[in-house]
Amino acid sequence: MALFQHRSALLIGLLALSLKTAHSQVFVVGEGTATADISTDFSPTHVSLPDTVMTERGRRELVRNLEAEQGFAHRALPVSAAVTLRANGPISPGGADYRKLIYQKGEAAALGDRVIITSLEIKPDRIVLDLNGGPYAKHRFLSHVQINDAPVTQTNGQAATGSRITLIFEGHVPEISAPEVKALLEPVIDFGVKTSEQAYADTLPSALKEAIAAHEVLVGMNHRMVLAALGAPENKVREQPSGDANGARYEEWIYGHVPQTIRFVRFVGDRVTVVEIAALGKPVEIHDKDEMGGYNSTETREVAMGDNPKDGEGKKSSPPTLLKPGEAASTGSSNNKVQFPDDNKGGSSQPTSSGQPPSNNLALAQHSL
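Cut-offs and rules
- Residues numbered from 1 in each chain as written.
- Predicted model: local features only at pLDDT ≥ 70, side-chain atom pairs only at ≥ 80, totals over all residues.
- Heavy atoms only, no water.
- Helix = DSSP H or I, 4+ residues; strand = E, 2+ residues; numbered from the N terminus.
- Buried < 20%, exposed > 50% of the residue type's maximum accessible area, 1.4 Å probe, protein only.
- Pairing = 2+ DSSP bridges.
- Contact = heavy atoms within 4.5 Å.
- Axes fitted to C-alpha atoms, helices over the stretch in contact; angles between N-to-C directions.
- Core = buried A, V, L, I, M, F, W, Y, C linked by side-chain atoms within 4.5 Å.
- 1 Å grid on protein atoms, 1.4 Å probe; cavity = no way out; pocket = protein on both sides within 12 Å on 5 of 7 lines; lining within 4 Å.
- Points joined across faces, edges and corners; volume = space filled by probe spheres on them.
- Nonpolar A, V, L, I, M, F, W, Y, C, P; charged D, E, K, R; others polar.

Novice: Describe the environment of G192, and please don't skip the residues or the numbers.
Specialist: Tracing the sequence through the fold places G192 in the loop between strand 11 (189–190) and helix 6 (196–201). The exposed category is assigned to G192, whose relative accessible area is 66%. G192 sits 122 residues away from Q70 along the chain, and the two C-alpha atoms are 9.3 Å apart.

Novice: Can you lay out the sheet that holds strand 11 for me, pointing to particular residues and giving the numbers?
Specialist: Here we have seven strands laid out as an open sheet, ordered 4-3-10-7-6-1-11, and mixed in their pairing. At either end of the open sheet lies a strand with only one pairing partner, and these are strand 4 (91–92) and strand 11. Sheet topology note: the strand 1 (residues 70–73)/strand 6 (residues 114–123) ladder contains three bridges and is antiparallel. Note that in strand 6 the partner of G71 across the bridge is V115. Across the sheet, helix 3 (residues 56–66) lies against strand 6 and strand 7 (126–131), angled at about 165 degrees from strand 6, the strand it touches most.

Novice: Can you explain the side chain of R75? Please cite residues and give values.
Specialist: Mapped onto the elements of the fold, R75 is located in the loop between strand 1 and strand 2 (77–78). Classification of R75 by relative accessible area gives buried; the value is 3%. Discounting chain neighbours no more than four positions away, the residues touching R75 are S39, T40, D41, F42, I91, Y98, A109, L111, P187 and V188.

Novice: Go over the nonpolar core with me, naming the residues and quoting the values.
Specialist: Core analysis: the biggest nonpolar cluster contains 34 residues, and L62, L77, I127, I165 and V181 have the highest contact counts within it. The set of elements that each furnish at least two residues to this core consists of helix 3, strand 3 (83–86), helix 4 (96–105), strand 6, strand 7, strand 10 (163–168) and helix 5 (178–184). Among the elements that take part in this core, strand 6 stands out by supplying four residues, more than any other. Contact partners of L77, with chain neighbours within four places excluded, come to Y98, G106, E107, A108, A109, V115, L131, S163, I165 and V188. Formed by 22 residues, the second largest nonpolar core is a distinct cluster that contains L208, W253, V272 and M292.

Novice: How would you explain the layout of surface pockets if you had to name every residue and give the values?
Specialist: To find leftover empty space, one rolls a probe the size of a water molecule over the atoms. The space that makes up the largest pocket amounts to roughly 1400 Å³. As for the largest pocket, its lining consists of 42 residues, and the residues nearest its centre are N65, P179, L230, G231 and A232. Within the residue set of the lining of the largest pocket, elements represented by two or more residues are helix 3, strand 1, helix 5, helix 6, helix 7 (206–213) and helix 8 (223–230). With six residues, the top contributor of residues to the lining of the largest pocket is helix 3. Classifying every residue of the lining of the largest pocket by side-chain character gives 17 nonpolar, twelve polar and 13 charged.

Novice: Just give me the short version of the pairing of strand 7, but keep the residues and values in it.
Specialist: For strand 7, a buried count of five out of six residues is recorded, marking the element as mostly surrounded by other parts of the structure. Bridge count for strand 6 against strand 7 is six bridges, and the pairing is antiparallel. For S119, the partnering residue across the bridge sits in strand 7 and is D130. As consecutive antiparallel partners, strand 6 and strand 7 are separated by two residues. Summarising the sheet, strand 7 and strand 10 pair through six bridges and their orientation is antiparallel. By the bridge assignment for strand 10, L131 is matched with S163.

Structure representation (structure tokens):
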């Protein structure tokens, strides 16, 4: 009877609790709440594009100049490969469908986050760009192979966190440059950030900054200055004898191709020593004199025994010594020779005629060994 009463009380308590919670408010996060702050505003670009089909050389230059480029997201990017952008046209999906894609697939980059082009593929009518590793996790095909229900390789379990944007052109991909591609991607990604070379150029004197802004290479520039002025070279020739008396070897960077103006920039060490400019229909210009105005000049100083002073700096300082302050050097000893101590006198002693230390010290050294 007592057990029945306890069970009845427990059931009445549970019923009262369920009725109380039935009237309480429940907050549920849905698609509208999760994507309320995501902006889908879009304005198409107006970039004039060439009509010629992209060549193999243009393809290589585009891949070299765009891969590993960094920018900032102008809008939230989903972990998906479904985002397509038409050149000077709309983006797909748009509006509510874009928010739904982010809600379903997840967010790869929020507004203002830094993104990096980690992969670039050029197809007949489109350019496919993977950002921050792309929307698909990289894995080996052996991860799908099992022996006796045991996997051959262990997967790392890392999920993809990047995004993919497909830039579509009408008919074919034109002979387009990297700055033009960046301008077409501006509604999605802002590449208007300074590279390390540009930030370095801002620290240089005004004359050098003007030369770099005009894409000119001066004799005496270092590697970073040339990269800031002309970017990465198309070709490099390394380890060529420079004819220097010290046996130094030079490295040559080549910019441009026929019929464009070709520049040959020769480095010895970290400095430009020769600049050759070959323009179509003009004689070759050769610059081999320093054009930095003394900016790279470094002071050299000769260090001698006692560090000889300059005029007006006092008398010459004495060379290093093991003598105590006020202790006189032994007479008859040659300069710059080590004096061995004499145990009998407790001070410095003269070396023997053979130049060897006294026999008692030699015997002590042998005993210690």
